[in-house]
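Structural overview
What follows is each chain in one-letter form.
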2 protein chains.
Amino acid sequence: MVTEKLALHITNTSYEDFNENAIREAKRSLLNWLGVAIGAANHESMDMVLNVSKLTDSQPQATVLGRNEKVDILFASLLNGMSSHIFDFDDTLLETVLHPSAPVFPAILAYAEQQKKTGKDVLEAFIIGCEVEARLALSVYPSHYWRGWHITGSVGGIGAAAAICKLMGLDIEKTIYALGIAATDPTGLREMFGTMTKPYHPGKAAMNGLLAALVGAQGFTASKKPLEAERGFLNVLSEENKAELITEQWGEKWEVEKNSYKPFASGIVTHPAIDAIITIQKEHKLQVEEVESIVITAHPLVKELTGKTAITTGLEGKFSVYHCVAAGFFNLKAGVYEFTDEYVNDPSVKNLRDKITLVIDEKIKEDQVHLTVKLTNGREISLFVEHAIGSADTPMTDEQIKEKFLDVTGEVICSVAKNELIDLIDRFEEVEDLTSFFHLCQPKETANQY
Amino acid sequence: MVTEKLALHITNTSYEDFNENAIREAKRSLLNWLGVAIGAANHESMDMVLNVSKLTDSQPQATVLGRNEKVDILFASLLNGMSSHIFDFDDTLLETVLHPSAPVFPAILAYAEQQKKTGKDVLEAFIIGCEVEARLALSVYPSHYWRGWHITGSVGGIGAAAAICKLMGLDIEKTIYALGIAATDPTGLREMFGTMTKPYHPGKAAMNGLLAALVGAQGFTASKKPLEAERGFLNVLSEENKAELITEQWGEKWEVEKNSYKPFASGIVTHPAIDAIITIQKEHKLQVEEVESIVITAHPLVKELTGKTAITTGLEGKFSVYHCVAAGFFNLKAGVYEFTDEYVNDPSVKNLRDKITLVIDEKIKEDQVHLTVKLTNGREISLFVEHAIGSADTPMTDEQIKEKFLDVTGEVICSVAKNELIDLIDRFEEVEDLTSFFHLCQPKETANQY
């Protein structure tokens, strides 16, 4: 009775059960996630989906973060889930490559805005939603991911549903139904990586999960064993069935405490290599003419996920470790600008990319890399990175996350609003009325206000 | 380049390419589907989802068939897809157990109502949507189904997307994107059979497919090989990859020509046994007291899909071949009433159910059955059904489908409206303005009109 036990945990857990570190990490998750969502708000794919929301005459119930439009709570979930994953710059649970915030926060915020919930409600729902999706991810990883599911989309909807169940205060039976309706509606093929549909996955997961919770709340019936049954989610979508991981030791620690934040705007597996080249460049300040070649020796997943060579768009650049290292070489960072079409097509960047090769080594861990720069004068500079910045062992500091927020939100909202949002999230558990929070996320509002 | 070839077929095919039989079968499909959708319109699960549509402030764009409410085109797709599958009385493509109308017609009708398309547009879009989902189903069947996917939900969304692409007149590139966005968003675990979530599957598929087409129409990018790629739909959701079945011999015949309609309101695999018991009863008019036991010898799928024994709800009755045979014994039919909670819990029905056993025989085909009634006096009456009524070899006549429409729509709309709808669908390709069609599907409108 895994799902029943899970539903019991969800209904029995409340804010008071969380330790200080979990609450702190939930707030760091929110700030990091909100920044990338606002930063990508004006991406053309956002305009496209907003056009569709107009075709359905979507009503202004909830804020599209970083935009002046409001839409209904389902479209708000879709749009904010999308924007927060467009830069590939959101948070990651490294054990399963799950991005926990993108499918869960959008559903929570849309519902919280409509139903006038508090900051504490939002944090409570998030820690629970994150716990559920993370444990589900652990129970199907790695076979689920290797089969081709984009785990953030496929388990994210169940996390979103769990969060909304908590926010609505559903009883155990309705929570079971909501989890079931979400489980039957997974989203996300990894085949979509490198296209606009990748960020569609967490958005659609948020939308599907919110809808599942709203429908389940009506008493709409579903299987009571949607996860663990012979033909339930675990068995149908993965080779293994580690169902015990979904409920065991619930409450002893929280998955959100393991959350990590990306210092670079590309796939997490590229980060050790970027960290390595930046460290080398900070010390050696090499000119591109001095470089004969660069050899990256890395974990097999690096080639699998980011082995793209012939790239022409910014999006593709995120899936090319070659491009990531070239960007780090020139700019000492790999932020939003380094993954624009313009930068990817810069001839000198392309030229350096072609000098970079990738060697796979099964003995090297996912957060490690060995990088060697061979110079035209015959000299070699090598560096082994033990734990890349942003990894569990070298987490970003609060200050670094705030700096990232100020940077990644760019020109979308004004700097006064940015700093007010940082302050609000710092004391989010005390915020009784979220109205000003949502106002600060809208450019027009912030422009009028200041 | 399977998806590209498929998109080319979709854009290049039009109404003029269909033979008369395909068009006739599309109209039979529409009438049969519309009847079961209207008939189940007032099911409590419909009220539940309508309540959710109110929470999202859904606007009146499209008709909920058999109801006075109108909702936006996405919710109309969800609701009409649900209602048409609630009775488990819709159409079936027997090779793959796919119910082709339920995920496709709702999306088409919602968009056609909003955009004022014609009857001919609707038929054209349906034949194409049906072709796409049916070929996809063939390409992943049986492993996909056996793994636990409810094929109507999981491939249905791609069929709905294809239909809407045609209705919108999208070009090849946007059609590829739409198919990809739908492919990444499959719905439906078989674990949900016997709950309200089973009919949620075609509804959600219609909603997901319509949304995918609307988003793809904006130029929103997706993989160009969403079906055939190493990590595309076929490989991720099934063990095999018979991609060639998706496009080969396109246009030589149409899948809709193979469509079949259920004479009984339960899973298709129960039909041979119901047919057998009704045939026996018509001849022998047995009293229940005369029956010692009944032995059903059938294809393995009968036990797999409808082997439920301890049943207490009408819904569960549809998944119990024992109940189906008991109903046929007493009532000489197995319609909507025979799958109500009331009827399932009738003590005499329950008593007869307990006397029925099921023997599996791999040599018996899916549309066959061997049924033996053992009498208390020691006599045995046996019947072998070669092709059950409703199967490809013994199709329902036009007259039988019209009678079913009149019966299954019950008291939801008035009989004048029923007959007008039958007439309208008979000449659907000539209907330029669908306004009166949708009016006739609303109880208030039909009550006002007559």
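For every chain, the first residue of the written sequence is number 1, and numbering continues from 1 onward in sequence order. The order in which chains are written sets their letters, starting at A; the order in which ligands are written sets their numbers, starting at 1. Per-residue local features of the predicted model are confined to residues with pLDDT of at least 70, and side-chain atom pairs are confined, for both listing and counting, to 80 or more; whole-chain, interface and lining totals are unaffected and use all residues. To obtain the side-chain values, all non-hydrogen atoms of the structure were included, while hydrogens and water were left out.

Chain A is annotated in an unreviewed UniProt entry as MmgE/PrpD family protein from Neobacillus citreus. Under the heading Sequence similarities (unreviewed entry), UniProt records this for chain A: "Belongs to the PrpD family." UniProt positions are given in the numbering used here, feature names are shortened, and annotations may be inferred rather than shown by experiment.

Throughout, a contact is declared for two residues whenever any of their heavy atoms are within 4.5 Å. Contacts between the two partners involve 59 residues from chain A and, on the opposite side, 59 residues from chain B. Note on definitions: buried area is the accessible-area loss of two parts on being combined, 1.4 Å probe, summed for both. Across the chain A/chain B interface, buried area totals approximately 5,100 Å², and carbon plus sulfur atoms make up 63% of it. Its largest share of buried area at the contact with chain B, chain A owes to A:T184, A:F220 and A:R231, together 15% of the area lost on that side. When a carboxyl oxygen of Asp or Glu lies within 4 Å of a side-chain nitrogen of Lys or Arg, that pair is called a salt bridge. With its nearest N and O atoms 2.4 Å apart, the salt bridge here joins B:D185 to A:K204. Any pair of nitrogen or oxygen atoms within 3.5 Å is treated as a polar contact; in protein, a donor-acceptor pairing is required on top of that, and neighbouring residues in sequence qualify only through side-chain atoms on both sides. At the boundary of chain A and chain B, one finds 28 residue pairs in polar contact (both at pLDDT 80 or more). Runs of H or I in DSSP of at least four residues are treated as helices and runs of E of at least two as strands, each being numbered from the N terminus. Secondary structure elements with two or more residues in the side of chain A that touches chain B: α3 (44-55), α4 (73-86), α7 (143-147), α10 (172-183), α11 (197-216) and α12 (233-237) of chain A. Top contributing element to the side of chain A that touches chain B by residue count: α11(A), with 9 residues. Charged means Asp, Glu, Lys or Arg here, nonpolar means Ala, Val, Leu, Ile, Met, Phe, Trp, Tyr, Cys or Pro, and polar covers whatever is left, Gly included. Tallied by class, the residues present in the side of chain A that touches chain B amount to 29 nonpolar, 20 polar and 10 charged.

Turning to the packing of aromatic side chains, a few remarks are in order. A pair of aromatic rings is counted whenever rings of Phe, Tyr or Trp (Trp by its six-membered ring) have centres within 6.5 Å, and the orientation is called stacked for planes under 30 degrees apart, edge-to-face for over 60 and tilted otherwise. Counted under the stated rule, the structure contains 25 aromatic pairs over all chains. Seen from their ring centres, A:Y15 and A:F18 are 6.2 Å apart, and the 80 degrees between their planes marks the pair as edge-to-face. Buried residues are those whose accessible area, probed at 1.4 Å on protein chains only, stays under 20% of the maximum for their type, while exposed residues exceed 50% and partly exposed ones sit between those limits. With a relative accessible area of 7%, A:F18 lands in the buried category. Look at B:Y141 and B:Y145: their rings are 6.1 Å apart centre to centre, the planes differ by 40 degrees, and that puts the pair in the tilted class.

For the rest of this paragraph, the subject is the sheet that holds strand β5 (residues 369-375) of chain A. Residue and element names in this part refer to chain A. Strands pair, by our definition, only if DSSP identifies at least two bridges between them. The sheet built from 4 strands is open, its strands ordered β4-β3-β5-β6 with mixed pairing. Two strands lie at the open edges of the sheet, namely β4 (356-360) and β6 (380-385), each paired on one side alone. Each adjacent strand pair in this sheet contributes to an overall mean axis angle of 15 degrees, direction not counted. Along the sheet, helix α13 (residues 271-284) contacts β3 (291-298), β5 and β6; its crossing angle with β5, the most-contacted strand, is approximately 45 degrees. Geometry is summarised by axes, namely lines fitted to C-alpha atoms with helices restricted to the contacting stretch, and by angles between N-to-C directions that run from 0 to 180 degrees.

This brings us to the packing of α11(A) against helix α11 (residues 197-216) of chain B. In helix packing, the relevant descriptors are the interaxial angle and the interaxial distance, both defined with respect to the helix axes. Direction vectors running N to C along α11(A) and α11(B) enclose 145 degrees, while the axes themselves pass 13 Å from each other. For the pair α11(A) and α11(B), the sense of crossing is right-handed. Of the residues in α11(B), those in contact with A:Y200, A:K204, A:M207, A:N208, A:L211 and A:V215 of α11(A) are B:Y200, B:K204, B:M207, B:N208, B:L211 and B:V215. Of the residues in the contact of α11(A) with α11(B), the class split is 8 nonpolar, 2 polar and 2 charged. The hand of a helix crossing depends on one turn: near helix anticlockwise from the far one by less than a right angle means left-handed, and clockwise means right-handed.

In this section: the sheet that holds strand β3 (residues 291-298) of chain B. Through backbone hydrogen bonds, the strands of a sheet pair up, either in parallel or in antiparallel fashion. Residues and elements named next belong to chain B. Spatially, the 4 strands line up as an open sheet ordered β4-β3-β5-β6, and their pairing is mixed. The sheet is open, and its two edges are formed by β4 (356-360) and β6 (380-385), each paired on a single side. Each strand axis lies, on average, 15 degrees off the axis of its neighbour in the sheet, ignoring direction. Across 6 bridges, β3 lies against strand β5 (residues 369-375) in antiparallel orientation. Looking across to β5, one finds that T297 is bridged to H370. Here helix α13 (residues 271-284) sits on the sheet in contact with β3, β5 and β6, set at roughly 45 degrees to β5. The strands touched by helix α16 (residues 321-331) are β3, β4 and β5; relative to β4, the strand with the most contacts, the crossing angle is about 125 degrees.

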